[in-house]
Amino acid sequence: MARAGLTVDRVVEAAADLADEIGFEKVTLSALARHFGVKDASLYSHVRNLQDLRTRVALLAGGEMIDDIAEAVAGRAGKDALAAFAGAYRAYALRHPGRYAATQIPVDQALVTDSPALRRTAEITYGMLRAYGLDEPDLTDAVRLLRSTFHGFCALEAGGGFGAPRDVRRSWDKAVEALHLALTHWPREDGGHS
């Protein structure tokens, strides 16, 4: 490929594809340059360094993931929205392992503030949880519970960590049901209960 055809978007998309193929941590500027048939230095007019590239992949992946989740939860509320959210999250994590890994890296908060996709993620997630009657600081705690449960399950599943003969999908469905019960009976910060 000719260097003249490179753009920031093409470089980031190629890096995301490469991450899905070989793993996010294995994506380097050299590997990406080889993919395009250019020298490493050619990429520096599109990304500042490897950290910049990884952050851009994280923002791309976060946007793709929340688009899938938003489509899944549209018109749903309560348990149905939670199950749709969870299902879309898991499907994205399993379909795009490298991109998903990118969504787990720390990103500079200034970039998060400027990212429409990450703001949309907060809006959709918090909106779904408000249907359970949660307000701050309980909302933040509930988001952390969901993220740690979803991420832990997906990471274990992707890594082959579930060896028991029980169908993994059934375990996932039980986890989502347990989360619904936890959210329905959330221990309120003010000491009240729903």
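Structure first, text after, so check above.
Residues numbered from 1 in each chain as written. Predicted model: local features only at pLDDT ≥ 70, side-chain atom pairs only at ≥ 80, totals over all residues. Heavy atoms only, no water.

K.L.:
Could you clarify how one ought to interpret the overall build of the chain in this entry?
P.N.:
Looking only at helices and strands, one finds nine helices and zero strands in the chain. Along the chain, helices (α) and strands (β) appear in the sequence α-α-α-α-α-α-α-α-α when read from the amino end. In terms of overall dimensions, the chain has a C-alpha envelope of 60 × 40 × 25 Å along the principal axes. Per-residue burial for the chain yields a buried fraction of 40% across its 194 residues. Of the contacts formed within the chain by residues at least 6 apart in sequence, a portion of 66% connects residues at least 24 apart. Carbon and sulfur atoms make up 55% of the accessible area of the chain, which totals about 10,400 Å². If the 23 positive side-chain charges of the chain are averaged to one point and the 26 negative ones to another, these points end up 5 Å apart. (Helix = DSSP H or I, 4+ residues; strand = E, 2+ residues; numbered from the N terminus. Buried < 20%, exposed > 50% of the residue type's maximum accessible area, 1.4 Å probe, protein only. Contact = heavy atoms within 4.5 Å. Areas by Shrake-Rupley, 256 points an atom, 1.4 Å probe, with all protein chains shown as cover. Lys, Arg positive; Asp, Glu negative; His and termini not counted. Charge placed at Lys NZ, Arg CZ, Asp CG, Glu CD.)

K.L.:
Looking at this structure, I do not really get the side chain of Glu157. What am I missing?
P.N.:
As for its position among the elements, Glu157 is in helix H8 (residues 138-158). By relative accessible area, which is 19% here, Glu157 ends up buried. Here the side chain of Glu157 touches Arg90 through a polar contact of 2.7 Å, side chain to side chain. Not counting the four nearest positions on each side in its chain, Glu157 is found in contact with Arg90, Leu94, Phe162 and Val168. (Polar contact = N/O pair within 3.5 Å; in protein donor to acceptor, adjacent residues only side chain to side chain.)

K.L.:
I'm lost on the nonpolar core in this one. Help?
P.N.:
Across soluble globular proteins, nonpolar side chains show a tendency to be buried alongside one another. Of all hydrophobic cores here, the largest spans 34 residues; its most connected members are Ile69, Leu82, Leu129, Phe150 and Leu183. Within the residue set of this core, elements represented by two or more residues are helix H3 (50-73), helix H4 (78-95), helix H7 (116-130), H8 and helix H9 (168-184). Examining the composition of this core, we find that nine residues originate from one element, H4, more than from any other. Excluding residues that lie within four positions of it along the chain, Leu183 makes contacts with Leu82, Leu129, Tyr132, Leu134, Ala142 and Leu146. (Core = buried A, V, L, I, M, F, W, Y, C linked by side-chain atoms within 4.5 Å.)

K.L.:
Before we go on, may I ask you to explain the pattern of salt bridges in this structure?
P.N.:
Where charged atoms of side chains with opposite charge meet at close range, the side chains can pair. All told, the structure shown has 12 salt bridges when counted by the stated rule. Notably, a salt bridge pairs Asp68 with Arg95, separated by 2.7 Å at the nearest N-O pair. Here Asp68, found in helix H3, pairs with Arg95, found in helix H4; they are 27 residues apart in sequence, far enough to count as distant. When its relative accessible area of 28% is taken as the criterion, Asp68 is described as partly exposed. Put simply, Lys79 and Glu177 hold a salt bridge, and the shortest N to O gap is 2.5 Å. One end of the pair, Lys79, is in helix H4; the other, Glu177, is in helix H9, and 98 residues separate them in sequence. Taken together, the shared-partner salt bridges connect Glu13, Asp17, Asp20, Glu64 and Arg99 into one network. (Salt bridge = Lys/Arg side-chain N within 4 Å of Asp/Glu carboxyl O.)

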